[in-house]
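# Structural description and commentary
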Amino acid sequence: MSGWILEAIKGSSFKTKLSAMKKFFLEKSKVEDLTKCSLCPNMCRYACPVSIVDGKETTSPAGKARIAYLIKHGYIDLTTENVLPLYYCLSCESCTPHCFFQFNLSELIRPIRVEAIMRGEYPKQLNNLFDNVMNFGCAFGEVEKEENETNNRGDILIFRGCVVRKFYPELSKIATEVIEKLGYKSFMIEDEICCGYLLYEAGHDEYFMKIAKMNAERINRSGAKILLTLSPECTYTYRIIYPRYKIKMKPRVMHITEFIKENMGKIRFSERKERIVIHDPPKLTISLNKTRILLEILSEIPGLKVLRPMRNGKNTFYAGVNNLLYWIDKELLLEINRERLRELEEESNIIVTASPSAKRGLEIAGGKVYDLVEYLRDTIEGVRD
Ligand code: SF4
Ligand code: SF4
């Protein structure tokens, strides 16, 4: 939690401090969250990847909150031009751990994005995203059908996600092999469609509901006990967003790292003598609160030196393509991915993450990145008897 209030009253007497804090806490619940954020001296901007790389006041966290506030209260019109900065957000929640109120800025300003969609005053580059999801069931466009898609049944259903289906279809086969090495059988459904994460982030509630209901129906019908997602964004969508809309998922939703972690006790790893650096995806470490999971898994491999860059865990830095900037401002997104890649490569050129989106973003920026399942495939020998 940020101590900016404490900082502001640092030199005061104990009595003044106490009275100021009391008033602050009593009053803070009465003031609208957007107002609080608009008045904040941008305390989290130094943790916000967009702010760090873009450097503009309007796309800083409090800058976006001020625009949202002005639109909400009618001081400025809701036009495509005015609303544009509100899409300069990666929904990474890097602001949250640095915020006195623990705000998730993306959630705070999302109601204005919802309103913008309803009034047709949103950046039209997003039409491409909407068309892709609604026509092809994938945010990134048409995808080839894979030969390992079956309508088999089983306990573990692997949900690939849009980035894997479009850019790294081989990752789903690799994940299947890893799960097999752990002693389980898994399957994938033929008619997988996008979970709707980016529709939600864009504020398109109508399309999101349509896709989410369709998704839940297909997955629930499969009879799987575990829904195993390769992307933390999908885990987050099924676990956190769907319940907000009262959409029930029957299987237990798990990210691949959580599944591996649960099986750690019985895995036999082979030795691997090298230095690697890990990229913690913020959706995993901040939004899903799995701060050290990647480190904990990889640290079990004998001989392996696992390094973390300066920004890690809850203070990690975003990398990826699964965000609205991919449609709104690809150049800025590339700079964000480059910034992260530079930081990671200071530690090692062997980068391991647990997010196909981060792999894609960092590889577009020029890096070579392993998703966790790729890295583990040759490292897991099997399970103990
Ligand atoms: S999210 Fe929190 S720390 Fe960031 S600008 Fe808003 S109130 Fe300040
Ligand atoms: S969610 Fe991420 S990109 Fe958006 S304001 Fe917060 S830190 Fe910045």
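Residues numbered from 1 in each chain as written. Chains lettered and ligands numbered in written order. Predicted model: local features only at pLDDT ≥ 70, side-chain atom pairs only at ≥ 80, totals over all residues. Heavy atoms only, no water.

Attention now goes to the overall build of the protein. Secondary structure summary: the protein contains 20 helices and 10 strands in total. Here the C-alpha radius of gyration of the protein, 22 Å, is about what a compact globule of 385 residues would show, namely 21 Å. Counting only C-alpha atoms, the protein reaches 65 × 45 × 35 Å along its principal axes. For the protein, with 385 residues in total, the buried portion stands at 58%. Within the protein, residue pairs in contact and separated by at least 24 positions form 75% of the contacts whose partners lie at least 6 positions apart. Averaging the coordinates of the 58 positive side-chain charges in the protein and doing the same for the 51 negative ones gives two points 6 Å apart. (Helix = DSSP H or I, 4+ residues; strand = E, 2+ residues; numbered from the N terminus. Rg over C-alpha atoms; globule rule 2.2 N^0.38 Å. Buried < 20%, exposed > 50% of the residue type's maximum accessible area, 1.4 Å probe, protein only. Contact = heavy atoms within 4.5 Å. Lys, Arg positive; Asp, Glu negative; His and termini not counted. Charge placed at Lys NZ, Arg CZ, Asp CG, Glu CD.)

Below, the discussion takes up the domain arrangement of the protein. Looking at the protein, the domain boundaries give domain 1 (25–119), domain 2 (145–261) and domain 3 (268–380). The gap between the C-alpha centroids of domain 1 and domain 3 is 27 Å. Taken together, the contact pairs 16 residues of domain 1 with 20 residues of domain 3. Both sides of the domain 1 and domain 3 interface together cover about 1500 Å² of buried area, and 71% of this is carbon and sulfur. When the buried area of domain 1 at its contact with domain 3 is split by residue, V53, Y88 and L90 rank highest and sum to 34% of it. Taken together, domain 1 and domain 3 are joined by 0 salt bridges. Viewed at the interface, domain 3 and domain 1 are joined by 4 residue pairs in polar contact (both at pLDDT 80 or more). (Domains from an automatic or database assignment. Buried area = accessible area lost by both parts, 1.4 Å probe. Salt bridge = Lys/Arg side-chain N within 4 Å of Asp/Glu carboxyl O. Polar contact = N/O pair within 3.5 Å; in protein donor to acceptor, adjacent residues only side chain to side chain.)

A few words now on the sheet that holds strand 7 (residues 305–307). Reading across from one edge, 7-6-8-9 is the order of the 4 strands in this open sheet, with parallel pairing throughout. If you trace the sheet from one side to the other, it starts and ends with strand 7 and strand 9 (369–371), each paired once. With direction set aside, neighbouring strand axes in the sheet form an average angle of 35°. With respect to the sheet, helix 18 (residues 330–345) is in contact with strand 6 (275–279) and strand 8 (351–353), its orientation differing from that of strand 6 by roughly 150°. (Pairing = 2+ DSSP bridges. Axes fitted to C-alpha atoms, helices over the stretch in contact; angles between N-to-C directions.)

What follows covers the site of ligand 1. As a structural note, the neighbourhood of ligand 1 is formed by C37, C40, N42, M43, C44, A62, C99 and F103. Classifying every residue of the shell around ligand 1 by side-chain character gives 7 nonpolar, 1 polar and no charged. (Near = heavy atom within 4 Å. Nonpolar A, V, L, I, M, F, W, Y, C, P; charged D, E, K, R; others polar.)

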